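# A structural walkthrough
Here is how the chains run, residue by residue.
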Amino acid sequence: GSTKAGPIITPAFRPLHTSFAHSIRRRTSVACRIADRGYNKKDIENMMNRTLIIAMSFTFLPHIIYSFGVPFGVPVGPFIPSTILPQIILSASLFTSNVVQMDVQINQQIPQQIQIPPTSLPTFTISSSGSNYASFTPAQQTFTSAWRILDNTFTDRTFNNQDWFSLRQKYLKTVTSSNLEQTLTELTSSLGDKYTTYLPPSKYQSLLSSATGSVTGIGVTLSSPSPSTVVLSQIQPNSPASKSGLKQGMILLRVDGYNVIDADVAGGYLRGDKGTKVGVTVKGDDGGSKDFIIVRETFKPVTVVEGKGKGGKMVVVKSFAGTTKDEMLEVLNSYPEGKILIDLRGNPGGLLPGGIDCASLFLKSGDVIVSQVDKTLVKRTEKALFDGEFSDPEKYQVAILADENTASAAEVFTAALIENGRATLTTVGSEHTFGKGIVQTVRPLDGENVGGIKVTVSKYLTPEGTEINGKGIMNDAGRRE
């Protein structure tokens, strides 16, 4: 039935009608938040189009119910008033008046007191008003893309207990092409996580290259045995570092005049474009400082070498990269059976997928390797998909040698083998490994040659569900106590 004001809302459908109106308003609110967070015009259009599709489906639905209900004697009346849709769309435009402007065209015809569904979908025209991304300067767009990456992925949802939206507005007013790098560095530093950093173009490209097994730098691996101390834990053979006279175990003091207190940051300074020079200051044997000027080169670092062991095969894994699994297979494939000693001393980690892939070589199908927990507290578990080449404990007995500098992906590898009963762990100089149980990802920024962001996106748990960040993995003797 209907009145002059439109069809009557029957009691049976009043809750559905109310829910529908609330749903439209919720979706409109989401679209507003998208615009406020700096998403581009296309994002907003997609969100509003989905809202319209839902609105139109609820316009058609009552007539379908009416058509099928009447022949069976079911007293079902249309439950959306004839004017509800344009009212909802008008409300949507009012909700977003400070963000977007919308033109709504609705073809309304109401013959015989029943609304006929529109013959064409409503259309939106979104202008470049308010915080529209397209109206930003290139520097503002790059900054906004960095802020958005952190907003979407950073694990600490309090953002170090600061007003994250106000911080965005503050920097948007001051960021320019000349202070962009400084602004991005300040933004990431404000989060209080030393692993979440801005990567200038040269360091970003170098990090991407290392993921594929190619590096431009001087050829050293760094570790931090104690706070604010960075050590040259490994020197690549025939690398610029080895040719210049740098030695394993030297303490790194400065890079290009910058004091060094963090291995990750120092590694970023050492990487750069091929042919460029970098100044390196280390602590010498006599306690004084020694300066080196080294020319960066591009080379493929060797991450796995065969060591000298007694009574078995010794494999030294310097770090984990995209090529580490193949390198490990190359060393071990000629070994028919027996004891395998895997030396991870000084291994700072590297690429998490590299550690996962190498662990799968020693595990049975279905064995848990690692679990990751992201900002939403959703746990994603990685398991071995098949029996690894060296998963038979009768043929291959595995032992791992580590120290306090064994970290990150190297700890993922270690925990996977130990907690699945495939290896023993002996540590040198400490009862446990380093204890870096968080995961970073690298994302590019919007713009030309502007670099990227390295951001902490999750923490990881060992196969038994243990969180090791800040604690490390205890050796066999420590776990027995």
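We now examine the pairing of strand β7 (residues 251–255). Along a regular strand, successive side chains alternate from one face of the sheet to the other. Looking at chain direction, strand β6 (residues 229–235) and β7 are connected through two bridges and run antiparallel. Residue pairing in the sheet places Val 231 in a bridge with Ile 251 of β7. Where β7 meets strand β9 (residues 277–283), four bridges bridge the pair, whose relative direction is antiparallel. Across the sheet, residue Leu 252 finds its bridge partner in β9, namely Val 282. Summarising the sheet, β7 and strand β8 (residues 258–259) pair through two bridges and their orientation is antiparallel. By the bridge assignment, Val 255 is partnered in β8 with Tyr 258. Count of turn residues in the β7/β8 antiparallel hairpin: two residues, of which Asp 256 carries a positive phi of about 55 degrees.

One pass over the structure, following the stated rule, counts six salt bridges. Measuring nitrogen to oxygen at the nearest pair gives 3.0 Å for the salt bridge that ties Arg 380 to Glu 382.

This brings us to the packing of helix α4 (residues 138–153) against helix α6 (residues 180–189). Two elements in contact, α4 and α6, have axes whose closest approach is 11 Å; the angle formed by their N-to-C orientations is 15 degrees. Relative to α6, α4 is oriented roughly parallel. Of the two possible hands of crossing, α4 and α6 adopt the one that is right-handed. Together, Ala 139, Thr 142, Phe 143, Ala 146, Trp 147 and Leu 150 of α4 and Leu 180, Thr 183, Leu 184, Leu 187 and Thr 188 of α6 make up the contact between the two elements. Of the residues in the contact of α4 with α6, the class split is eight nonpolar, three polar and no charged.

Attention shifts here to the sheet that holds strand β18 (residues 423–428). Taken in spatial order, the five strands make up an open sheet running β12-β13-β14-β17-β18, and their pairing is mixed. For this open sheet the edge positions go to β12 (304–307) and β18, each flanked by a neighbour on one side alone. Between one strand axis and the next, the sheet turns through 25 degrees on average, direction left out of account. In this sheet, strand β14 (residues 338–343) lies alongside strand β13 (residues 313–317) in parallel orientation, the contact comprising four bridges. Bridge pairing in β14 links Val 315 to Ile 342. Across the face of the sheet, helix α10 (residues 324–332) comes into contact with β12, β13 and β14 while running at roughly 160 degrees to β13.

Our next topic: the environment of Lys 313. Looking at the secondary structure, you find Lys 313 in strand β13. A sequence separation of 28 residues divides Lys 313 from Leu 341, and the C-alpha atoms of the two residues are 6.2 Å apart. Non-local contacts of Lys 313, meaning those with residues more than four positions away in its chain, are made with Glu 306, Val 331, Leu 332, Ser 334, Tyr 335, Lys 339, Ile 340 and Leu 341. Only 3.1 Å separates the side chain of Lys 313 from the side chain of Glu 306, close enough to count as a polar contact.

Each value, and the rule that gives it
Residues numbered from 1 in each chain as written. Predicted model: local features only at pLDDT ≥ 70, side-chain atom pairs only at ≥ 80, totals over all residues. Heavy atoms only, no water. Pairing = 2+ DSSP bridges. Helix = DSSP H or I, 4+ residues; strand = E, 2+ residues; numbered from the N terminus. Salt bridge = Lys/Arg side-chain N within 4 Å of Asp/Glu carboxyl O. Axes fitted to C-alpha atoms, helices over the stretch in contact; angles between N-to-C directions. Parallel < 35°, antiparallel > 145°, perpendicular 65-115°, else oblique. Left-handed = near helix turned anticlockwise from the far one by under 90°. Contact = heavy atoms within 4.5 Å. Nonpolar A, V, L, I, M, F, W, Y, C, P; charged D, E, K, R; others polar. Polar contact = N/O pair within 3.5 Å; in protein donor to acceptor, adjacent residues only side chain to side chain.

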